[in-house]
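Chains, contacts and geometry: an overview
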Amino acid sequence: FRSAAIRTGVIIPLIEETLKGGIVLFILLRHRREFDDSLDGIVYGSMVGFGFAMSRNMIGFLSGFFVHGFSALSMEALFTGAIYTLNQAAYSAIFGAGLGYARMSKNRRARRWAPLLAFFLAVAAHIGHNVAVHAATGFNLLTMVLTLGGFILLGIISSLALRKQLQWIREELKDQISKELYDVV
């Protein structure tokens, strides 16, 4: 029991976040001009997380179907698959936000440490979720609330980044458009 809990709770999140983080880092390095800030990092990180989760879900659903038939495709499996997908997107988005923050930062320390701290935050969030869900027995309200945590975290990070984007737009447009239109933005 203990080795399975360690593998599920610690090792698997570390491996998954390293793989997904590597892909987000590859996107940054390959398409540097398109990866401007933390909002871009959230978008690219989320897409990597969605892709990873959907691939993993498809493999899990198909293997469950081939072993147990249609009973393996219950609403619970589909629901948890959809919600866990949101969490995978959230973890990758955290790392992407850190890369984006480092990309736009003028502070040398922030450029160096933000991606590393974001990576560890993503891993810690993933580990925390897995340990909490593993401790909760079965599919219940607690499991659902813990699972929705990733979605909530992604929403918070996205809204903060979007607010910063709106601030930049206002600053850039101030001298470019009329006051009436500017007040709308």
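Structure's up top.
Residues numbered from 1 in each chain as written. Predicted model: local features only at pLDDT ≥ 70, side-chain atom pairs only at ≥ 80, totals over all residues. Heavy atoms only, no water.

**Some details on the overall build of the protein chain**
Quick note on the threshold: In this text, helices come from DSSP runs of H or I with a minimum length of four residues, and strands from runs of E with a minimum of two, each type numbered from the N-terminal end. When a residue's accessible area, from a 1.4 Å probe over protein chains only, is under 20% of the maximum for its type it is buried; when over 50% it is exposed; and in between it is partly exposed. Pairs of residues are marked as contacts when any of their non-hydrogen atoms sit within 4.5 Å. For the area figures, the Shrake-Rupley method with a 1.4 Å probe applies, and any residue is considered shielded solely by the protein chains shown.
A tally of helices and strands in the protein chain yields six helices and zero strands. If you list the helices and strands of the protein chain from N to C, you get α-α-α-α-α-α. Counting all 185 residues of the protein chain, 34% fall into the buried class. Long-range pairs, those at least 24 residues apart, make up 73% of the contacts in the protein chain between residues at least 6 apart in sequence. Carbon and sulfur atoms make up 68% of the accessible area of the protein chain, which totals about 11,600 Å².

**Section: helix H2 (residues 38–68)**
Filter applied, for reference: For a helix, the expected span equals 1.5 Å multiplied by the residue count minus one. Here a polar contact is taken to be a pair of N or O atoms separated by no more than 3.5 Å, where protein atoms must pair a possible hydrogen donor with a possible acceptor and residues adjacent in sequence count only if both atoms sit in side chains.
Taking 1.5 Å of rise per residue, 31 residues should cover 45 Å, and H2 covers 43 Å from first to last C-alpha, within 8% of that figure. Sitting at the amino-terminal end of H2 is Asp-37, which places a side-chain oxygen 3.2 Å from the backbone nitrogen of Leu-39. Within two residues after H2, Gly-69 carries a phi angle of roughly 80°, on the positive side.

**Observations concerning the side chain of Asn-87**
Within the secondary structure layout, Asn-87 lies in helix H3 (residues 75–104). There is a polar contact of 3.2 Å between the side chain of Asn-87 and the side chain of His-129.

**A closer look at helix H4 (residues 108–135)**
This is how the line gets drawn: Fitting one axis to the seven residues ending at a residue and another to the seven starting there, the bend at that residue is the angle between the two axes.
The first and last C-alpha atoms of H4 sit 41 Å apart over 28 residues, in line with the 40 Å expected at 1.5 Å per residue. At Ala-114, H4 shows its largest kink, close to 30°, and the proline Pro-115 lies no more than four residues downstream. Among the residues making up H4, those that are buried are Ala-110, Ala-114, Pro-115, Ala-118, Phe-119, Ala-122, Val-123, His-126, His-129, Asn-130 and Val-133. Between the side-chain oxygen of the N-cap and the backbone nitrogen of Arg-109 there are 2.8 Å, and the N-cap of H4 in question is Asn-107.

**Comments concerning the pattern of salt bridges**
Where side chains of opposite charge bring their charged atoms close, a pairing between them can arise. For clarity, the threshold we go by: Whenever Lys or Arg places a side-chain nitrogen within 4 Å of a carboxyl oxygen from Asp or Glu, that contact is recorded as a salt bridge.
In total, this model carries two salt bridges according to the counting rule given. Put simply, Lys-20 and Glu-17 hold a salt bridge, and the shortest N to O gap is 3.0 Å. In this pair, Lys-20 and Glu-17 are both assigned in helix H1 (residues 2–30), three residues apart and thus about one turn of the helix distant.

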